[in-house]
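# Fold and contact review
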Amino acid sequence: MAGDLEAKVDELRTALHRANHRYYVLDDPEISDIEYDELMRQLLAIEADHPELVVADSPTQRVGAPVSEAFAPVTHLQRMFSLDNVESEEELEAWQARLARVLGSDPTSYVCELKIDGLAVSITYENGRLTRAATRGDGTVGEDITANVRTIDSVPLRLQGSPPELIEVRGEIYMPVSAFDELNARQAELGERPYVNPRNTAAGSVRQKDPAKTAERALSIWLYQMGQVTGGPAFASHWDSLQWLAELGLRVNPASRRIDTLAGVEAFVADAMENRHANDYEIDGVVVKVDSLDEQIKLGYTAKSPRWAVAYKLPPEEKTTTLEEIRINVGRTGAVTPYAVLDPVFVGGVTVTNATLHNEGELHRKDLRPGDTVIVRRAGDVIPEVVAPVLSMRPDGLPEWHMPSNCPFCANSIVLPDGQAKAKCTGGFSCPSRLREYLFHFASRGAMDIEGLGYKTVDLLLTEGIVSDPADIFTLDREVLLGFEGWGEISVNNLLTAIAGSKDQPLGRLLTALGIDHVGGTVARSLAAKFRSLPALMRASEEQITAIEGIGPEIARSVSDWSADPDNIQLVQRLGDAGVRLEDPEPEEVGEEASLLSGLTFVVTGTLERFSRSEAKAALESRGAKVTGSVSGRTSALIAGASAGSKLAKAESLGIHILDEEGLASLLADGPSILE
């Protein structure tokens, strides 16, 4: 039994050492965070029960990553500890109970900070000037990355105000998501493999031997902690020290909050979980710290972690699994999209069996092959994506995948049009896959909004052969529908009522529903506002279409080509014959209301009681305002409901007007005077 246990411990340590090396040294992980955490949990549990098995070089006894030989070693002025983790409210409450036992009461207050998914660093300033920067390394000795950190614009070379004689600050260097996306776009243009994720790319960028390479990567930083300070003011709380760091010109995250109760901490964590992708940086948790520095001193440290702080880890959204097969789907425009069939894997809160692969070119740039072990990512509610293969686990002899020459649904040829990334099926609407997607899109909420006409009903109508294009939807026979198994009077009446009601949808919705290439909701509304009828749009020249603000030649060419297609001309005729409205009425006189908020930009966040977010957006846009999804210096005001989260914090940091629901009502009624 003892021999089996020792073998298990050796197996776990070997796996963790390998994972640490690939993650921290090679920046090429082969297992996901959740799998790493599970291995560490198993090893910690065994060592806790059998302390005689603990050795100095166990992964559980080391903080941070090993030092790379590529950079000079730096001894930190104060040790950089790692944090213990919690993963549930129960574990967070247990942590607080331990604090209360030591302090004799609950902590006075807490500070909650978003845990940035980047590279931990220490930066030293002497007499206000940056003199050294280092990675965390093993917590005691890190790597000298001063030259590279100097290239990061958000790291001040000289502090503002009255800096102390010496200050060491800790922070996290990261790559903004927007910068990461731009970098991968450049990689694609060059035909190079895309980078896996912003965290590893940031780590690799900081550790470039040539600082000029680091400067190209658009890195940034958040500072979150004082280390050693000589000649500085005394503080009673961590929160006050953060405000001082900001006064010195250091970049402190405005999303951080001082919170009095554990219930407030749990609400902060819940908000961070809900809005984890709302910012231009990735987070993997929330750091909760005891605010009082006196209480921190009383609580002290374990061998590797402060007792007064803990990291609440958010559920991971990347995991490895097997890419079993690559199949294709034909969409509503005929575009052929490959997708991955995966060995089912639980990631981002759901079990994922399929994931998008975008197009054949992207698939080959990532070098994905059936049989690979792959990293799967699910961000928020978006479609799961296969990020990259784990090349170190690829079986020998796996062949590359290539697009089939014929469509598996209709047997017509698949071609790659000149200058386009996506292949297309040449079968038109004789392709059952394309027709299925087209009909579902036509009936969707953003288009004709026909409730009850989802995939299940569309599949039934296609299988029975009673629908071959969108116009057939408006001539469905009640008696035929009643003859289907499971369809009664109520379900048939509901569907037919929804279809009848959709006939009077605005022209912009009909244009969206028709699925013209490059014509989404915004473009469709612009076209409808200009031409006011579908026949008039179909007669328009490309020059007349491009004269509309925001519409370029590619959209105009797409609309013109669609309008000239005989099948589309016949479809529009049949829609009109079925009673579908093909033109909008002339606009009513609305006085000055339509331009009441012209030139202003708003962001709506949180939960409103009297409006849904879409209703608030529509009300603002109807008065000439622009509504965007992110707060910036150009935002006129933030409309903030309950649980407003990080957007509220950013608006406060930028000094932007913040309106509650009553303020929104006043804004809609009286105009921008409330902002003065």
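Here we summarise the structure given alongside this text. Since we're looking at a predicted model, the values are computed, not measured.

## Quick word on the environment of T214
As for its position among the elements, T214 is in helix α7 (residues 211–215). Of the residues examined, T214 reaches a relative accessible area of 2% and is grouped as buried. With 62 residues separating them in the primary sequence, T214 and I152 have C-alpha atoms 8.0 Å apart. Discounting residues that sit within four places of it in the chain, T214 has contacts with N148, T151, S205, V206, Q208 and L219.

## Details of the environment of R101
Residue position: R101 is located in helix α3 (residues 89–103). A relative accessible area of 63% places R101 in the exposed class. C-alpha separation for the pair R101 and L299, spaced 198 residues apart in sequence, amounts to 10.0 Å.

## Comments concerning the sheet that holds strand β11 (residues 309–313)
In spatial order, the strands read β2-β11-β10-β3-β9; together these 5 strands make up an open sheet with mixed pairing. Every other strand in the sheet has two partners, leaving β2 (85–86) and β9 (257–259) as the edge strands with one partner each. As judged from the 2 bridges shared by β2 and β11, these two strands associate in the parallel manner. Bridged to V86 within β11 is Y312. Of the strands in this sheet, β2, β3 (110–116), β10 (283–290) and β11 touch α3, which is tilted by about 175° from β11.

## Some remarks on the side chain of R217
Mapped onto the elements of the fold, R217 is located in the loop between α7 and β8 (220–230). One buried charged residue, R217, remains without a salt bridge, the closest side chain of opposite sign being E216 at 5.4 Å. Within the structure, the side chain of R217 is placed 2.9 Å from the side chain of S205, a separation counted as a polar contact. In this structure, R217 is in contact with M175, A179, L183, Y195, T201, S205 and Q208, ignoring residues within four places of it in sequence.

## Considerations on the packing of helix α12 (residues 432–443) against helix α13 (residues 455–463)
How two helices pack is summed up by the angle between their axes together with the distance between the axes. For the pair α12 and α13, interaxial distance at closest approach is 10 Å and the crossing angle is 130°. Taken together, the axes of α12 and α13 are oblique relative to one another. Regarding α12 and α13, the two cross each other, and that crossing is right-handed. Contacts between α12 and α13 involve L435, R436, E437, L439 and F440 from the first element and Y455, V458, D459 and L462 from the second. When its residues are assigned to classes, the contact of α12 with α13 shows 6 nonpolar, no polar and 3 charged.

## Some thoughts on the sheet that holds strand β5 (residues 129–135)
The strand order across the open sheet formed by 4 strands is β5-β4-β7-β8, and the pairing between neighbours is antiparallel. Strands with a single pairing partner mark the edges of an open sheet, and in this sheet they are β5 and β8. With strand direction ignored, the average angle separating the axes of adjacent strands in the sheet is 25°. Relative to β8, strand β7 (residues 166–174) is paired through 8 bridges, and the arrangement is antiparallel. Across the sheet, the residue bridging to I167 is V229, located in β8. Relative to β8, helix α8 (residues 238–247) is tilted by about 110°, and along the sheet it contacts β7 and β8.

## Focus on helix α16 (residues 489–502)
End to end, α16 covers 20 Å across 14 residues, agreeing with the expected 20 Å (1.5 Å per residue, within 8%). Taken residue by residue, α16 has V492, L495, L496, A498, I499 and S502 as its buried positions. With its buried residues spanning 155° around the axis, α16 presents them on a single face. In α16, the exposed residues that point more than 90 degrees away from the buried face are I490 and T497. Packed against the buried residues of α16 are α13, α14 (470–473) and α15 (478–482).

## Focus on unusual backbone geometry
In terms of backbone geometry, most residues other than glycine have negative phi values and most peptide bonds are trans. Backbone geometry at N127 places phi at a positive 50°, although glycine is not the residue there. With respect to the secondary-structure elements, N127 resides in the loop between β4 (119–126) and β5.

How each quantity is defined
Residues numbered from 1 in each chain as written. Predicted model: local features only at pLDDT ≥ 70, side-chain atom pairs only at ≥ 80, totals over all residues. Heavy atoms only, no water. Helix = DSSP H or I, 4+ residues; strand = E, 2+ residues; numbered from the N terminus. Buried < 20%, exposed > 50% of the residue type's maximum accessible area, 1.4 Å probe, protein only. Contact = heavy atoms within 4.5 Å. Pairing = 2+ DSSP bridges. Axes fitted to C-alpha atoms, helices over the stretch in contact; angles between N-to-C directions. Lys, Arg positive; Asp, Glu negative; His and termini not counted. Salt bridge = Lys/Arg side-chain N within 4 Å of Asp/Glu carboxyl O. Polar contact = N/O pair within 3.5 Å; in protein donor to acceptor, adjacent residues only side chain to side chain. Parallel < 35°, antiparallel > 145°, perpendicular 65-115°, else oblique. Left-handed = near helix turned anticlockwise from the far one by under 90°. Nonpolar A, V, L, I, M, F, W, Y, C, P; charged D, E, K, R; others polar. Expected span 1.5 Å × (residues − 1). Arc of directions from axis to C-beta.

These figures come from the coordinates and say nothing about function on their own.
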